[in-house]
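Spelled out from the first residue to the last, the chains are:
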Amino acid sequence: MYKGVIVLLHALGLSVCLFFLGTIFSSPTLDLPRDISCLSYNPTTSNGKLLSPENIVDEVSIRKDLEVVSLHTKCIRTYTVLFGAEHIPSVASEFGMEVLLGAWIDEDKKRNEMEIEAVKRIIAKDKNISKIVVGNEVLFNETVSVKELISYIKEIKKVTKIPVGTGEIHLVWGSEPELAKTVDYIGVHIFPYWDGLDISHGVAEVVASLGEVQKLYPKKKVYLLETGWPSGGTNRGGSIVGIGEQRLFFKNITSALNEQKLFYNLIEAFDQPWKIYESEGRTGAHWGLYRADRSDKFDKKNVGIKTFGLWVGAISFFMSTGFFFFRRRLTLRAHIVAQYLFLILVTSTAWTIYALSHDYLLSQWIVLFLLLPSQIILYTIAVGHMFMVLKVYGKEPELDLPLLQGEGLTNKKYTPFVSIHIPCSSEDPLQVIEAVSSCLAQEYPHFEVVLVDNNTEDVSLWKPLKEFSFGKKNLKFIHREKVHGYKAGALNLALEYTAKEAEVIAVVDSDYIVSPLWLKETVHFLTEKVKVVQCPQSYRKVSGSIFEELVRFEQKVFFEVGMKVRATSNSIIQHGTMCLIERKVLEEVGSWATWCITEDTELGVRILSKGYTLQYVPMIYGSGIAPQNFFEFSKQRFRWSYGAMRMLLSHWRLFFGFRVSGSTSSISFRQKISYLSGWLYWYAHLLYPFFLCSAFFTSYLMLREERLFPPVSLSFTFIAFFCIEAILGLIVLRMFEKLSFKKALLVLCAGVSLTTTISFASFVGLFFRKKPFLITSKIVGNGSKIIFSLWNIRLTIILLLAFFFQIFFIIKRYGLLNFDVVVWIIGLCILSLPQVGVVVMTLAETSKEEVLD
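Definitions and limits used
Positions within a chain are numbered from 1, following the residues in the order the chain's sequence is written. Whole-chain, interface and lining totals are the exception, using all residues; otherwise, since this is a predicted model, local features are given only for residues with pLDDT of at least 70 and side-chain atom pairs are given and counted only at 80 or more. As a convention, hydrogens and water are excluded, and side-chain values are obtained from all of the structure's heavy atoms. Secondary structure follows DSSP: runs of H or I at least 4 residues long count as helices, runs of E at least 2 residues long count as strands, and numbering of each begins at the N terminus. To estimate the expected span of a helix, count its residues, drop one, and scale the result by 1.5 Å. When accessible area is computed with a 1.4 Å probe and restricted to protein chains, residues below 20% of their type maximum are described as buried, those above 50% as exposed, and intermediate ones as partly exposed. Contact between two residues is taken to exist if any of their heavy atoms lie within 4.5 Å; hydrogens are not considered. Definition used in this section: a nonpolar core is a set of buried Ala, Val, Leu, Ile, Met, Phe, Trp, Tyr and Cys residues joined via side-chain atoms within 4.5 Å. The salt bridge criterion pairs a side-chain nitrogen of Lys or Arg with a carboxyl oxygen of Asp or Glu, the two atoms within 4 Å. Angular values range over 0 to 180 degrees, each being the angle between N-to-C directions of two axes fitted as lines to C-alpha atoms, with helices fitted over their stretch in contact. To sort the angles, those under 35 degrees are grouped as roughly parallel, those over 145 as roughly antiparallel, those from 65 to 115 as roughly perpendicular, and the leftovers as oblique. For a crossing to be left-handed, the near helix must be turned anticlockwise from the far one by less than a right angle; the clockwise case is right-handed. Charged means Asp, Glu, Lys or Arg here, nonpolar means Ala, Val, Leu, Ile, Met, Phe, Trp, Tyr, Cys or Pro, and polar covers whatever is left, Gly included. Two strands make a pair as long as DSSP finds a minimum of two bridges between them. The disulfide criterion is simple: two cysteine sulfur atoms within 2.5 Å.

Caption draft 1: A look at helix H27 (residues 755-767). Taking 1.5 Å per residue, 13 residues should reach 18 Å; H27 reaches 19 Å between its end C-alpha atoms and fits that length. Among the residues of H27, Thr755, Thr757, Ile758, Ser759, Ala761, Ser762, Val764 and Gly765 are the ones counted as buried. Its buried side turned inward, H27 meets helix H21 (630-650), helix H23 (669-683), helix H24 (687-704), helix H26 (741-752) and helix H31 (833-844).

Next up, the structure:
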């Protein structure tokens, strides 16, 4: 039944994909119009830059361009007569084309004079000049004054009978009667896109605006010198950009104006990427019929961003993921979840790659070396988490973690002498005594407890421990000050006082209460191959606050999902509590590393590199005390993140396949992938400051200049990643932990609240070798007053307010009708979640868990 459903599903999917693919290549496309009245042509040099003294166009390039343009029109409008553009009229005559000759006018008066003199020379020798256009929207852009523009126009009129005018948007002509008297015709620019109109109203707007200008100057001829629609860039109100939208506008405008026998000029022949750096932003680079490389924007081999993304997504949805998970024998429900997640992943990836490859951006280098790599990292994390969750969700047999076969399991009388080590430093003595007492209550025949108090200067904290230990046969107490090497130094000190007959070292944190069955039920897992046995870390309810409950579940997820999956490749993370280690192996690999503040995980890596196995036993035999406030919570994660970064930098040869001369250490490929993919999550937080700064700077540009919107595809990719991570998190918390939706969201909030902490810790670990060992206080009642706690996170609150004001002013300026704006705001909201998480976690410190129930 199961296989039949899967085969039927994919047969149906393949049929849909083939039908969809056939529809794409058989559907008619809107061809470029062949009867355009006139078309703007602005040549660029081979490097795609605007003409200048350093970038001069040659006649060969002009001839190639006009050969393409001549297929659609017999008239072109130019914008300058310098830097090689003076050859355009003569080359155009070869194709029987007339020219609206343009003279560029701006603040550079010297260049203006050069343009005017060049126009005079050209009209004296070329006879295919039908009109002269002096300046282009110079009054709208406030480039020169009306008086100066009129003087340039009059200077040309003195030497020719060819009609002379200028090009301005239709609104300018309503306030410039003196200019209208001077020119021989009224040159109007009308762009429905910039007015935010829907494309269905675009042609009507053009015709209506032309009529208004004609009413103002009934004795003058009114020519539409510029109109068009962008094929890319930023949506604006009701104006949707796109190749299909551009073709539809061209079709409708040419049909309507040709029918009325009106003269018009479409902008433009080829895309002009240099306009990105001008006031038009990315949209300005997409007005051409053809791309900047002179390729067609809409052919059968290049069907557009939406169809491409949907096609790749559909194929991946029904084929790639389905067959991959089919061989893994997941449940039907897991198959469906996997396919929908991959649909999001692959479609957004295809969209991003395709969009960026066909867009003109401010800096291709930024995209190539920063944006695309960051997206690859995010998606690698998403895929890794997806496999991890779906393995557990699909109940794969290998996750059952069957008992290993070996001497220790077959011989139930295997009871080696165990030395339990408990390090502590400046801890609550009552809390430590409770932990030691639980260890002393083990139902196990041969063991001892070594309690090491290191670097505690307060006598009132360590003296009660000494008094408690006095006279107890199997309990040793050591107090030392100025112990080097953090917790690792204390554990190495405990080794010095360990009984000679001890074969196994057990480690327990000083806040843990341990089950009396711990040693009895786990020591048998140690075999000839297995040298470490790790049980889950767990937190018990103490204060009953919402904060404590969220932290408890946030950690529980890792041990119930992440550690189970890692155990299948013998790459679990060794933790510094609830673990058993064979003493000989511990001494063989050099004991605990005093240079590393995550000495437990580092030790596990060294043991794995010797070819041994770390066995994970997913049974809770002990529980500790969770951090009681966000400050302590963030200190704990700072230590873990910093230590992970220093550990990778120290052992990079081991993980990237380089063997040190004379070393026999190595780990398998699966182990490398497991560790690196797990740590990638930590290191990816280094991207957060980059995203944060980029978002703030881009929002500033958007508020300063309305045309400087970023590509939607970049935000969409980030949003897709967030959606995948949120779905995976909810699956884990709702299905595995049986949490309510409200509590599940709060647990996710707990995880995301550490983003800034992990980012900073990873950065510090990348550049600084030595950082102090930050002890996480486990003192119950250590939660702060709410006002004091909020004051501690004042920088976070300021940053959150900055997000709020960004979003507020963007909405106030642009509204929510623009799809690009909505996508950007969603991206800002997602980026602000770490700050929201910090505030929520801080407020949860003083709230009781019963509020959630």
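Let us keep going from here.
Caption draft 2: Spotlight on the nonpolar core. Ile581, Trp592, Ile607, Trp679, Ile810 and Met841 are the most contacted members of the largest nonpolar core, which has 94 residues in total. Discounting chain neighbours no more than four positions away, the residues touching tryptophan 592 are Ala488, Leu491, Asn492, Leu495, Val507, Gln574, Ile581, Leu586, Glu599, Asp600, Leu603 and Arg606. Residues Tyr41, Ile116, Ala256 and Leu266 belong to the second largest nonpolar core, which totals 76 residues.

Caption draft 3: A look at the pattern of salt bridges. Counting across every chain of the model gives 21 salt bridges. Between glutamate 59 and arginine 63 there is a salt bridge, and its shortest N-O distance comes to 3.9 Å. Of the two residues, glutamate 59 and arginine 63 are both situated in helix H2 (residues 59-69); the distance of 4 residues between them amounts to about one turn of the helix. One salt bridge connects lysine 120 with glutamate 117, and the closest N-O pair in it is separated by 3.4 Å. Here the residue lysine 120 and the residue glutamate 117 both occupy positions in helix H4 (residues 109-125), the gap between them amounting to 3 residues, near one helical turn. Among the residues examined, lysine 120 registers a relative accessible area of 21% and is labelled partly exposed.

Caption draft 4: Region of the structure containing the side chain of serine 634. Among the structural elements, serine 634 can be located in helix H21. For serine 634, a relative accessible area of 13% corresponds to the buried category. Among residues more than four places away in sequence, those in contact with serine 634 are Leu754 and Thr757.

Caption draft 5: Fine view of the packing of helix H29 (residues 794-814) against H31. Remark: H29 packs on H31, axes separated minimally by 9 Å, with the N-to-C direction vectors making an angle of 135 degrees. Classed by the angle they form, the pair H29 and H31 counts as oblique. Where H29 crosses over H31, the two elements pack in a sense that is left-handed. Only Gln835, Val836, Val838 and Val839 of H31 make contact with H29, whose side of the interface consists of Thr796, Ile797, Leu799, Leu800 and Phe803. In terms of residue class, the contact of H29 with H31 is built from 7 nonpolar, 2 polar and no charged.

Caption draft 6: Broad picture of unusual backbone geometry. At the junction of isoleucine 267 and glutamate 268, the peptide bond is cis and its omega measures out at 0 degrees in the coordinates. Along the chain, glutamate 268 falls in the loop between strand S8 (264-266) and helix H10 (305-326). Phi angles above zero are rare outside glycine, and glutamate 137 is one such case at about 55 degrees. Looking at the secondary structure, you find glutamate 137 in the loop between strand S4 (129-136) and helix H5 (146-157). Glutamate 137 sits in the buried class, given a relative accessible area of 12%. Despite not being glycine, methionine 578 has its phi angle at roughly 60 degrees, a positive value.

Caption draft 7: Examining the pairing of strand S6 (residues 185-189) more closely. Across the 5 residues of S6, 5 count as buried, placing the element largely inside the fold. Neither face of S6 is exposed, since Tyr185, Gly187 and His189 on one face and Ile186 and Val188 on the opposite face are all buried. Inspection of the sheet shows strand S5 (residues 164-169) paired to S6 by 3 bridges, in the parallel sense. Each bridged residue has a counterpart across the sheet, and for isoleucine 169 the counterpart in S6 is histidine 189.

Caption draft 8: Summary view of the packing of H29 against helix H30 (residues 819-831). Packing of H29 against H30 brings their axes to within 10 Å, and their N-to-C directions diverge by 170 degrees. Relative to H30, H29 is oriented roughly antiparallel. Two secondary-structure elements touch here, H29 through Phe803, Gln806, Ile807, Ile810, Ile811 and Tyr814 and H30 through Val821, Trp824, Ile825, Leu828, Cys829 and Leu831. A class-by-class count of the residues in the contact of H29 with H30 yields 11 nonpolar, 1 polar and no charged.

Caption draft 9: Here's a closer look at the state of the cysteines. Under the counting rule described, the total for this entry stands at 1 disulfide. The disulfide partner of cysteine 38 is cysteine 75, and the gap between their sulfur atoms is 2.2 Å. Around the S-S axis, the bridge from cysteine 38 to cysteine 75 shows a dihedral of about -65 degrees and counts as left-handed. Remark: cysteine 75 occurs in strand S2 (residues 75-77) and cysteine 38 occurs in the loop between helix H1 (2-26) and strand S1 (39-40); sequence separation between them is 37 residues. Taken as a pair, cysteine 38 and cysteine 75 share a single burial class, namely buried. Note on cysteine 579: no disulfide assigned, nearest cysteine sulfur contributed by cysteine 535 at a separation of 9.2 Å.

Caption draft 10: Region of interest: the sheet that holds strand S14 (residues 530-534). If you walk across this open sheet you meet the 7 strands as S11-S10-S9-S12-S15-S14-S16, and the pairing is mixed. Pairing within the sheet leaves two strands with one partner each, and these edge strands are strand S11 (475-480) and strand S16 (613-616). Averaged over neighbouring strand pairs, the angle between their axes works out to 20 degrees when direction is ignored. Across 6 bridges, strand S10 (residues 447-454) lies against S11 in parallel orientation. Bridging across to S11, aspartate 453 finds its partner in histidine 479. Seen against the sheet, helix H14 (residues 429-440) touches strand S9 (418-424), S10 and S11 and runs at an angle of roughly 165 degrees to S10. Along the sheet face, helix H15 (residues 459-469) touches S9, S10 and S11 and points at about 155 degrees away from the line of S11.

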